[in-house]
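Below are the chains, spelled out letter by letter.
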Amino acid sequence: MRRRFVAANWKMNGSRARNRQLLDALKPPLRSLGGRVDIVVCPSHLHLGETVSALAGSPVRPGAQDLFGLENGAMTGEISASMLVDCGAEFVIVGHSERRGRLGETDAAVAAKFAAARAAGLVPILCVGETRAERDAGNTEAVVLRQLDAVTGEHGIEAMDGAVIAYEPVWAIGSGTAATPEQAQAVHALLRARLREQSGAIADGARILYGGSISAANARELFAQPDIDGGLVGGASLKAEEFTAICAGADS
Ligand code: 13P
């Protein structure tokens, strides 16, 4: 039985004061959950250190939203895996569609980031997902498998051992309308089957999250699907009550 996993992606939101408030509101209710779900919060890089301090003694773990795929050196403005580890991050989101789509991040760059995260001991949360146009053209399967294969092809199936994958259909992100549980389950099953072609144990152990307009209202139904192991939550993770309810929905 895989442990459930819910991660908050705060994206480019928050301030030192706002984050403190949000964490103060989240910590007590999340501490009283049943312990069947791993919960991760990913603030901006600037707020990572304070988030790590604020989470001391809490079961909620800190993560980052991105990293650069090389270790140290001349890369102005970028942040390496070892810097994230040094500041207390345990997880890192890799290949989010906002970075792939709006910042031109390629499959190869994502694979390099994934490997750098692993090498430093971070758990990567690898995002895959198709745009509306790709879905309408019948290319959903080809797109998500290409994005997954870009990592396993470069770094081997072992790279996925203990890793987390997030299926985030781009058309559902921030739209207020999530994929249906059936739509999401179909893609999750496809991704797990791809892992299984190379390793049954890694396929069985991989946590595959759904992301895209998750809310307290739809979380339980999504998490009830056999291959949906939790969620990567954007907008709803900025509201303490809503995020707590989503985590509670995964804690069963
Ligand atoms: P929303 O939950 O706001 O749709 O964002 C999802 C997402 O992109 C999480 O990484």
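Residues numbered from 1 in each chain as written. Predicted model: local features only at pLDDT ≥ 70, side-chain atom pairs only at ≥ 80, totals over all residues. Heavy atoms only, no water.

**Overview of the site of the ligand**
Close to the ligand lie Asn9, Lys11, His96, Glu168, Ile173, Gly174, Gly212, Ser213, Leu232, Gly234 and Gly235. Within the side chain of Glu168, a nitrogen or oxygen atom sits 2.9 Å from an oxygen atom of the ligand. Burial of the ligand by the surrounding chains reaches 95%, relative to a free accessible area of 310 Å². Counted by class, the shell around the ligand contains two nonpolar, seven polar and two charged residues. (Near = heavy atom within 4 Å. Polar contact = N/O pair within 3.5 Å; in protein donor to acceptor, adjacent residues only side chain to side chain. Areas by Shrake-Rupley, 256 points an atom, 1.4 Å probe, with all protein chains shown as cover. Nonpolar A, V, L, I, M, F, W, Y, C, P; charged D, E, K, R; others polar.)

**What to know about the sheet that holds strand S3 (residues 61–64)**
The strand order around the closed barrel built from eight strands is S1-S2-S3-S4-S5-S6-S7-S8, with neighbouring strands paired in parallel fashion. Neighbour to neighbour, the strand axes of the sheet diverge by 25 degrees on average, direction disregarded. Where S3 lies against strand S4 (residues 91–94), two bridges are found, and the strand directions are parallel. Note that in S4 the partner of Ala64 across the bridge is Val92. Along the sheet, helix H5 (residues 107–120) contacts S4 and strand S5 (123–128); its crossing angle with S5, the most-contacted strand, is approximately 160 degrees. Contacts between helix H7 (residues 140–155) and the sheet are confined to S5 and strand S6 (164–167), with S5 contributing the most and set at about 155 degrees to the helix. (Pairing = 2+ DSSP bridges. Helix = DSSP H or I, 4+ residues; strand = E, 2+ residues; numbered from the N terminus. Axes fitted to C-alpha atoms, helices over the stretch in contact; angles between N-to-C directions. Contact = heavy atoms within 4.5 Å.)

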